[in-house]
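If you want the building blocks of each chain, they are given just below.
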Amino acid sequence: MQHDPISDPQDLPQYNNAERARAASRSTWVSVGVNLVLSTLQIVAGVLSKSQALVADGLHSLSDLVADFVVLFANHHSQKAADADHPYGHQRFENAASLVLGLLLLVVGLGMLWSAASKLQNPELIATVHIGALWVALGALTAKELLFRYMLLVAKKVKSSMLVANAWHARSDAASSLVVGVGIIGNLAGYPIFDPIAAALVGFMVTRMGWSFGWTALHDLMDRAVDDAELQAIRQTLQQTPGVSGVHDIRTRMMGDMIVVDAHLEVLATLTVEQAHDITVAAQQRVMQHHRVLHLLTHVDPYHRPDLDHTQAPGA
């Protein structure tokens, strides 16, 4: 997942975990309400109008509803304070939730593909849908697109990858509703096979998105580093700390939507231990204030002196 680079660390917003949790809960409950109404309406209308594509879209909305509760569960548990078993906190509940969302989408998408393939093997049994299915599909398309824009706005504001995943889940629903609408129009125009084809396309879209989310979450759980733009922003904040003469060997890893950072700070060799300590504390405070950094572990090195306690990365 890409993060927006910010050239001046002083312009970066301050992150408050409590505010992020409240924003996540509020936006997710809005999604729960929308998906509850849509999934019920789509499945009932799809059965009555004999539209497999609309039923598939309703099942997609139902998977969104389940995903919303997964997000609420993870959001609650990720805010727990650090304890003896989890000294860095419980933020990785969010990574685990994103992985569950990906697996959920993958299963739902494969199920849609299987159902559509079964219908396509017997095209003579495909019924002509009622025009009411088209109006339901268009209404669902509008509602899901508005929901996506709202959720993505909140996710970017609080910089939550879990909420971004859930927002794009809503966008996948909007895209699937568009495909369903086209399939229903084709069916009404005298080509009944368009309806199961639309259902198959929805299944493919859901499967692809599920794989993408699951793969990303899996890498985050394996301590993947942040992107280069965010790494350079953190480096710049450290280098601008008064008393820091240089920075090297910065390593990062994801902890939920927060970052754990290790860095070697170079200070003048003539400083006392207490003075060097004060500089590292100031660096920690600046980084945690201006970036979504959960913890910064520092190692002090004398400036312009060979550092023999680490291996220099190739090309560094």
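All values derive from a computational prediction rather than experimental measurement. (Residues numbered from 1 in each chain as written. Predicted model: local features only at pLDDT ≥ 70, side-chain atom pairs only at ≥ 80, totals over all residues. Heavy atoms only, no water.)

Another aspect to go through is unusual backbone geometry. It is generally the case that most residues other than glycine have a negative phi and that most peptide bonds are trans. Non-glycine residue lysine 50 carries a positive phi angle of around 65 degrees. For lysine 50, the position within the fold is in the loop between α1 (17-49) and α2 (52-78). A relative accessible area of 56% means that lysine 50 is categorised as exposed. (Helix = DSSP H or I, 4+ residues; strand = E, 2+ residues; numbered from the N terminus. Buried < 20%, exposed > 50% of the residue type's maximum accessible area, 1.4 Å probe, protein only.)

With that settled, the discussion passes to the pattern of salt bridges. On inspection of all chains with the given rule, the structure shows five salt bridges. With a closest N to O distance of 3.2 Å, aspartate 220 and arginine 224 form a salt bridge. Residue aspartate 220 is classed as buried on the basis of its relative accessible area of 10%. For arginine 292, the salt bridge is made with glutamate 230, and the minimal N-O distance between the two is 2.9 Å. Pair noted here: arginine 292 is in the loop between α8 (273-290) and β3 (293-302) and glutamate 230 is in helix α7 (residues 228-239), with a separation of 62 residues, a long-range link. (Salt bridge = Lys/Arg side-chain N within 4 Å of Asp/Glu carboxyl O.)

Considering the arrangement of structural elements, one finds glutamine 52 in helix α2. Sequence-distant contacts of glutamine 52, that is, excluding residues within four places in its chain, are made with Ser115, Ala116, Lys119, Asp195, Pro196 and Ala199. (Contact = heavy atoms within 4.5 Å.)

What follows is about α8. For α8, which comprises 18 residues, the first-to-last C-alpha distance of 26 Å matches the rise-based estimate of 26 Å (1.5 Å per residue) to within 8%. Along α8, the residues classified as buried are Ala276, Ile279, Thr280, Ala283, Arg286, Val287 and His290. Seen from one end, α8 has its buried residues packed into an arc of 125 degrees, which puts them on one side. Pointing more than 90 degrees away from the buried face of α8 are the exposed residues Val273, Glu274 and Gln285. (Expected span 1.5 Å × (residues − 1). Arc of directions from axis to C-beta.)

Attention now goes to the pairing of strand β2 (residues 258-267). Of all ten residues in β2, ten are buried, a share of seventy percent or more. What you see with β2 is no split at all: Met258, Val260, Asp262, His264 and Glu266 on one side and Ile259, Val261, Ala263, Leu265 and Val267 on the other are buried throughout. Hairpin remark: strand β1 (residues 246-255) followed by β2, antiparallel, with two residues in the connecting loop; positive phi at glycine 256, about 70 degrees. The pairing of β2 with β3 spans nine bridges and is parallel. (Pairing = 2+ DSSP bridges.)

Looking now at the confidence of the model for the protein chain. With 84% of its residues at a pLDDT of at least 70, the protein chain reaches an overall mean of 79. This stretch, residues 1-15, has a pLDDT under 50; its non-local contacts, to residues over four places away or in other chains, come to 31 contacts. (pLDDT = per-residue confidence, 0-100.)

Next up on the list: a nonpolar patch on the surface. Taken together, the side chains of Leu120, Tyr191, Ile193, Phe194, Ile197 and Leu201 present a nonpolar region at the surface, about 500 Å² in accessible area. Examining the composition of the nonpolar patch, we find that three residues originate from one element, helix α6 (residues 194-221), more than from any other. Note on placement: leucine 201 falls in helix α6. Take leucine 201: its relative accessible area is 42%, and that puts it in the partly exposed class. (Patch = residues over 30% accessible without salt bridge, like charges linked within 9 Å, V, L, I, M, F, W, Y side chains within 5 Å. Areas by Shrake-Rupley, 256 points an atom, 1.4 Å probe, with all protein chains shown as cover.)

This part covers the packing of aromatic side chains. Inspection of the entire model under this criterion finds two aromatic pairs. Note on tyrosine 191 and phenylalanine 194: the rings are 5.7 Å apart at their centroids and 35 degrees apart in plane angle, and the pair reads as tilted. Pairing tryptophan 211 with tryptophan 215 gives two aromatic rings, centres 5.7 Å apart and planes at 10 degrees, and the pair type is stacked. Placement of the pair is tryptophan 211 and tryptophan 215 together in helix α6, with a separation of four residues, close to one helical turn. (Phe/Tyr/Trp six-rings, centres within 6.5 Å; stacked < 30°, edge-to-face > 60°.)

Now for the environment of threonine 207. Assignment of secondary structure puts threonine 207 in helix α6. Between the alpha carbons of threonine 207 and leucine 105 there is a distance of 6.1 Å; along the sequence they are 102 residues apart. Not counting residues within four places of it along the chain, the set of residues in contact with threonine 207 comprises Leu105, Leu106, Gly109, Leu110 and Leu113.

It is worth spelling out the sheet that holds β2 at this point. Strand order in the open sheet formed by three strands is β1-β2-β3, and the pairing between neighbours is mixed. Both outer strands of the open sheet, β1 and β3, are each paired with one neighbouring strand and no more. The sheet shows a mean angle of 15 degrees between the axes of neighbouring strands, taken without regard to direction. Here eight bridges tie β1 to β2, and the two strands are oriented antiparallel to one another. In the sheet register, histidine 248 faces β2, and the bridge partner there is histidine 264. α8 rests against β2 and β3 of the sheet, and its axis sits at about 150 degrees to β3. (Axes fitted to C-alpha atoms, helices over the stretch in contact; angles between N-to-C directions.)

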